[in-house]
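Residue-level structural notes
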Amino acid sequence: MNVRICRVSFTTTSGFRHSAEIQADSLYEAAVEGIKAISQEWGEQPGPATPIAVEVKAPTIIHELTLKQIQQWLESGCNSPKEKVTKDRLRKRLNV
């Protein structure tokens, strides 16, 4: 996937829906960067099973995943050195 503008959003347990527009070159990177942006601005993170919507712009494509799925992907094996570098960086962003 090339670097794309993505809108990442989720609803907190208090019922507030947050979204952030970020740039990313993968689904998981978009999710992590969106969570980080929202967390920095509002101090809120999704729960482990909270659906996280990732809307990829131009063309618009929407994906939903959970924080648990992101964490499982971050802990899974790597297929390339580039993927390892990406996962290491994203782990640090989420403080996992």
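1. With respect to the packing of helix H1 (residues 27-42) against helix H2 (residues 67-75)
Two numbers describe how H1 lies on H2: the axes approach to 11 Å, and their chain directions differ by 120°. On the basis of their axis angle, the class for H1 and H2 is oblique. Crossing of H1 against H2: the hand is left-handed. Facing H1, whose interface residues are Tyr28, Ala31, Val32 and Ile35, H2 presents Leu67, Gln69, Ile70 and Trp73. Grouping the amino acids of the contact of H1 with H2 by side-chain chemistry returns seven nonpolar, one polar and no charged.

2. Observations regarding the packing of H2 against helix H3 (residues 81-94)
Two elements in contact, H2 and H3, have axes whose closest approach is 9 Å; the angle formed by their N-to-C orientations is 135°. Classified by the angle their axes make, H2 and H3 are oblique. For the pair H2 and H3, the crossing hand works out as left-handed. Contacts between H2 and H3 involve Leu67, Ile70, Trp73, Leu74 and Glu75 from the first element and Glu83, Lys87, Leu90, Arg91 and Leu94 from the second. The residue makeup of the contact of H2 with H3, split by class, is six nonpolar, no polar and four charged.

3. Some thoughts on the packing of aromatic side chains
Under the definition given, this model contains one aromatic pair. Both rings, one in Tyr28 and one in Trp73, keep their centres 4.4 Å apart while their planes meet at 5°; by these two values the pair is stacked. With Tyr28 in helix H1 and Trp73 in helix H2, the pair connects residues that are 45 residues apart, well separated along the chain. The exposure class of Tyr28 is partly exposed, given its relative accessible area of 22%.

4. Quick word on the pairing of strand E4 (residues 61-66)
Sheet topology note: the strand E3 (residues 51-56)/E4 ladder contains six bridges and is antiparallel. If you follow Val54 over to E4, its bridge partner there is His63. In this antiparallel pair of consecutive strands, E3 and E4, the connection spans four residues, and Ala58 shows a positive phi of 55°.

5. Things to note about H3
A turn of α-helix holds 3.6 residues, and therefore any two residues three or four places apart point the same way. With 14 residues, H3 extends 20 Å from end C-alpha to end C-alpha; this agrees with the ideal 20 Å at 1.5 Å per step. The set of residues buried in H3 consists of Glu83, Thr86, Lys87, Leu90, Arg91 and Leu94. Taken end-on, H3 shows its buried residues confined to a sector of 135°, consistent with a single buried face. Turned more than 90 degrees from where H3 packs its buried face, Pro81, Lys82, Val85 and Lys92 sit exposed.

6. Quick look at the environment of Gly34
Tracing the sequence through the fold places Gly34 in helix H1. Take Gly34: its relative accessible area is 0%, and that puts it in the buried class. Between the C-alpha atom of Gly34 and that of Glu83, which follows or precedes it by 49 residues, the distance is 19 Å. In contact with Gly34, other than residues within four places in its own chain, are Val8, Ala20 and Ile22.

Scoring rules and cut-offs
Residues numbered from 1 in each chain as written. Predicted model: local features only at pLDDT ≥ 70, side-chain atom pairs only at ≥ 80, totals over all residues. Heavy atoms only, no water. Axes fitted to C-alpha atoms, helices over the stretch in contact; angles between N-to-C directions. Helix = DSSP H or I, 4+ residues; strand = E, 2+ residues; numbered from the N terminus. Parallel < 35°, antiparallel > 145°, perpendicular 65-115°, else oblique. Left-handed = near helix turned anticlockwise from the far one by under 90°. Contact = heavy atoms within 4.5 Å. Nonpolar A, V, L, I, M, F, W, Y, C, P; charged D, E, K, R; others polar. Phe/Tyr/Trp six-rings, centres within 6.5 Å; stacked < 30°, edge-to-face > 60°. Buried < 20%, exposed > 50% of the residue type's maximum accessible area, 1.4 Å probe, protein only. Pairing = 2+ DSSP bridges. Expected span 1.5 Å × (residues − 1). Arc of directions from axis to C-beta.

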